[in-house]
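Here's the letter readout for the chains.
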Amino acid sequence: GRAVRGAFGRPSRAAAEEGNKGKRAQVDKYDERSGQKARYFADDDQSTLNDLVREERFGGQDYDRNFARNLALKGRHRSTPHDVEDEYEHDKGLELYEERGTKRPRSDQQEYQRQRQINDYKRLTAVQERCPFCFDNPKKNRASIMAIGQLTYLKLPESGQLIPGHCQVIPMAHCGSLREVDDAVATEIRNFQKCLIQMFAHEGKHVIFIETALDLERQSRHAVLECIPVGEEVYMDAPLFFKREIEESESEWSQHNAKKLIETKTRGLRGSIPPDFPYFNVEFGLTGGYVHVIDDERRFNRNLGRDVMVSLLCLPQERMHQKPRRETASVLMQQASGFLKKWEPFDWTKQLD
């Protein structure tokens, strides 16, 4: 059994403070008199039941985001027999869901939160100023934009175009993944997908949609949906190719090894994975596809989707390893002219005028 706290004497406050210098304050989760558990998190005593209900209704701590952030800061989350015992016996696993700022002394929490918000704002502003996909970036090349919605836009890639017709659907505002966009943005993206499928169907082609969401904590990458038209034979082979490559994409010791491949046909992307986790997603038309939660971003092949398409389309293997070549202005204008002629009859954004 567990001994009651203080059963073997209680150290003096001075001795305790001396021994804890330079260490993060630990949360005393048990009542000193009864020995029963009295709290789970450091800030439990600061909130009443009504406060917690209000936070849940109007937005408080995002425990999924806390969990993802703590895993990223901690490095790869390895599960060992000791970790499992701590999680069930001492609630160690719950610490990953707790916001790091709440583990500081109460006097420092408010300043910590204020400074963190300032730093997050500065970092995001700097990223947006450099981001080539943010719609408000004054340095953006407008010649590659084919259609503009209210919250999203359609453009041709300025570098790395695989085949004619390869295009991109992109949210205007900076966001790290399409999993985190709101319903209005998701609806516009779906409209672009439907119209692209109809456009290429007139040529006897299907469309494969690919997204790789990485660096979500720093928000250093802008969400981009790659739209690649392919023939019937390639389209039929694509699910098998992607399934094989995704299953071999990470180590067999991956934390998410049990579910390397998640089908999105029934639940879609949002219903298949939690928010704030990096992932690779591929969709075959509007019939669903596969999503893979990336366990180790450092080892994951960021060009996985492109490499698979190079193999599927029987393109030169050198294109897997070469840096995508930037198209000249004249070539880009020629591509845009040909694309717009095909796109015009299916352009849903005309209804916005």
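Here the structure is a predicted model, which means the values were calculated and not measured.

Moving on: the overall build of the protein. Regarding its fold elements, the protein presents 10 helices and eight strands. Long-range pairs, those at least 24 residues apart, make up 66% of the contacts in the protein with a sequence separation of at least 6. Per element, the accessible surface of the protein, about 21,700 Å² overall, is 50% carbon and sulfur.

Next up on the list: the packing of aromatic side chains. One pass over the full model with this rule turns up seven aromatic pairs. With a centroid separation of 5.2 Å and an interplanar angle of 75 degrees, the aromatic rings of F192 and W348 are classed as edge-to-face. Here the residue F192 occupies a position in helix α6 (residues 183-201), and W348 occupies one in the segment after α10 (329-343), the gap between them amounting to 156 residues. Take F192: its relative accessible area is 0%, and that puts it in the buried class. Seen in terms of ring centroids, F284 and Y290 are 5.9 Å apart; in terms of plane orientation they differ by 80 degrees. Their pairing is edge-to-face. For the pair F284 and Y290, a shared accessibility class is recorded, and that class is buried. Linked through ring pairs, F192, F339, W343 and W348 together constitute an aromatic cluster. The aromatic ring of F135 is capped on one face by R142, whose charged end is 4.7 Å from the ring centroid.

The tally for this structure, following the rule as stated, stands at 12 salt bridges. Across the pair R326 and E158 runs a salt bridge, and its minimum N-O distance is 2.7 Å. Of the two residues, R326 is situated in the loop between α9 (304-312) and α10 and E158 in the loop between β2 (152-155) and β3 (167-171); the sequence distance between them amounts to 168 residues. Beyond isolated ion pairs, a larger network of salt bridges with shared partners links K155, E158 and R326.

Before going further, it helps to spend a moment on the layout of surface pockets. Unoccupied space between atoms shows up once a probe the size of one water molecule is rolled over them. Roughly 1,200 Å³ of volume is contained in the second largest pocket. Along its surface, the second largest pocket is lined by 41 residues, and F133, S159, Q168, V224 and E226 are the ones closest to its centre. Residue assignment for the lining of the second largest pocket shows that the elements contributing at least two residues are α5 (106-130), β4 (206-213), β5 (225-230) and α9. Taken together, the residues of the lining of the second largest pocket break down into 13 nonpolar, 14 polar and 14 charged.

Here we come to the side chain of E211. Tracing the chain through its elements places E211 in strand β4. Buried and unpaired, E211 has no salt bridge, with R221 as the nearest side chain of opposite charge at 8.6 Å. Within the local environment of E211, its side chain forms a polar contact with the side chain of Y279, the two groups lying 2.8 Å apart. What E211 contacts, discounting residues up to four positions off in sequence, is S177, L178, A223, V224, L225, L269, Y279, F280 and N281.

Turning our eyes to something else, we now look at unusual backbone geometry. The backbone of D215 sits at a positive phi, close to 55 degrees, despite the residue not being glycine. One non-glycine residue with positive phi stands out, namely Q219, at about 55 degrees. Along the chain, the position of Q219 falls in the loop between β4 and β5. When its relative accessible area of 16% is taken as the criterion, Q219 is described as buried.

This paragraph deals with the pairing of β4. Of all eight residues in β4, seven are buried, a share of seventy percent or more. Pairing geometry for β4 and strand β7 (residues 279-284), over six bridges, is antiparallel. Across the sheet, residue E211 finds its bridge partner in β7, namely N281.

All right, on to the sheet that holds strand β1 (residues 145-148) then. Spatially, the eight strands line up as an open sheet ordered β1-β2-β3-β5-β4-β7-β8-β6, and their pairing is antiparallel. The sheet is open, and its two borders are formed by β1 and β6 (262-263), each paired with just one other strand. Two strands pair when backbone bridges link them, and β4 and β5 are joined in this way by five bridges, in the antiparallel orientation. In the strand pairing of β5, V207 is matched with P229.

Further remarks concern the nonpolar core. The biggest cluster of nonpolar side chains holds 36 residues, and the ones touching the most others in it are L154, V169, L196, C227, F339 and W343. Contributing elements (two or more residues each) for this core: β1, β3, α6, β4, β5, β8 (289-293) and α10. In terms of residues, this core owes the most to one element, α6, which gives seven residues. Look past the residues within four positions of W343 in its chain and what remains in contact with it is M146, A147, L154, F192, C195, L196, M199 and W348. Judged by nonpolar contacts, the second largest core, of 26 residues, contains I208, I228, V230 and A238.

Let us look at α6. In a regular helix each residue adds 1.5 Å, so 19 residues correspond to 27 Å; α6 covers 27 Å between its end C-alpha atoms and thus fits that length. Buried within α6 are the following residues: V185, E188, I189, F192, Q193, C195, L196, M199 and F200. The N-cap residue of α6 is D182: its side-chain oxygen and the backbone nitrogen of A184 are 3.3 Å apart.

Right, let's get into the packing of α6 against α10. Two numbers describe how α6 lies on α10: the axes approach to 10 Å, and their chain directions differ by 95 degrees. Taken together, α6 and α10 sit at an angle that is classed as roughly perpendicular. Counting all contacts with α6, which are made through F192, C195, L196, M199 and F200, the residues of α10 involved are F339, K342 and W343. Here the contact of α6 with α10 is composed, by residue class, of seven nonpolar, no polar and one charged.

Rules of the game
- Residues numbered from 1 in each chain as written.
- Predicted model: local features only at pLDDT ≥ 70, side-chain atom pairs only at ≥ 80, totals over all residues.
- Heavy atoms only, no water.
- Helix = DSSP H or I, 4+ residues; strand = E, 2+ residues; numbered from the N terminus.
- Contact = heavy atoms within 4.5 Å.
- Areas by Shrake-Rupley, 256 points an atom, 1.4 Å probe, with all protein chains shown as cover.
- Phe/Tyr/Trp six-rings, centres within 6.5 Å; stacked < 30°, edge-to-face > 60°.
- Buried < 20%, exposed > 50% of the residue type's maximum accessible area, 1.4 Å probe, protein only.
- Lys NZ or Arg CZ within 6 Å of the ring centre and 35° of its normal.
- Salt bridge = Lys/Arg side-chain N within 4 Å of Asp/Glu carboxyl O.
- 1 Å grid on protein atoms, 1.4 Å probe; cavity = no way out; pocket = protein on both sides within 12 Å on 5 of 7 lines; lining within 4 Å.
- Points joined across faces, edges and corners; volume = space filled by probe spheres on them.
- Nonpolar A, V, L, I, M, F, W, Y, C, P; charged D, E, K, R; others polar.
- Lys, Arg positive; Asp, Glu negative; His and termini not counted.
- Polar contact = N/O pair within 3.5 Å; in protein donor to acceptor, adjacent residues only side chain to side chain.
- Pairing = 2+ DSSP bridges.
- Core = buried A, V, L, I, M, F, W, Y, C linked by side-chain atoms within 4.5 Å.
- Expected span 1.5 Å × (residues − 1).
- Axes fitted to C-alpha atoms, helices over the stretch in contact; angles between N-to-C directions.
- Parallel < 35°, antiparallel > 145°, perpendicular 65-115°, else oblique.

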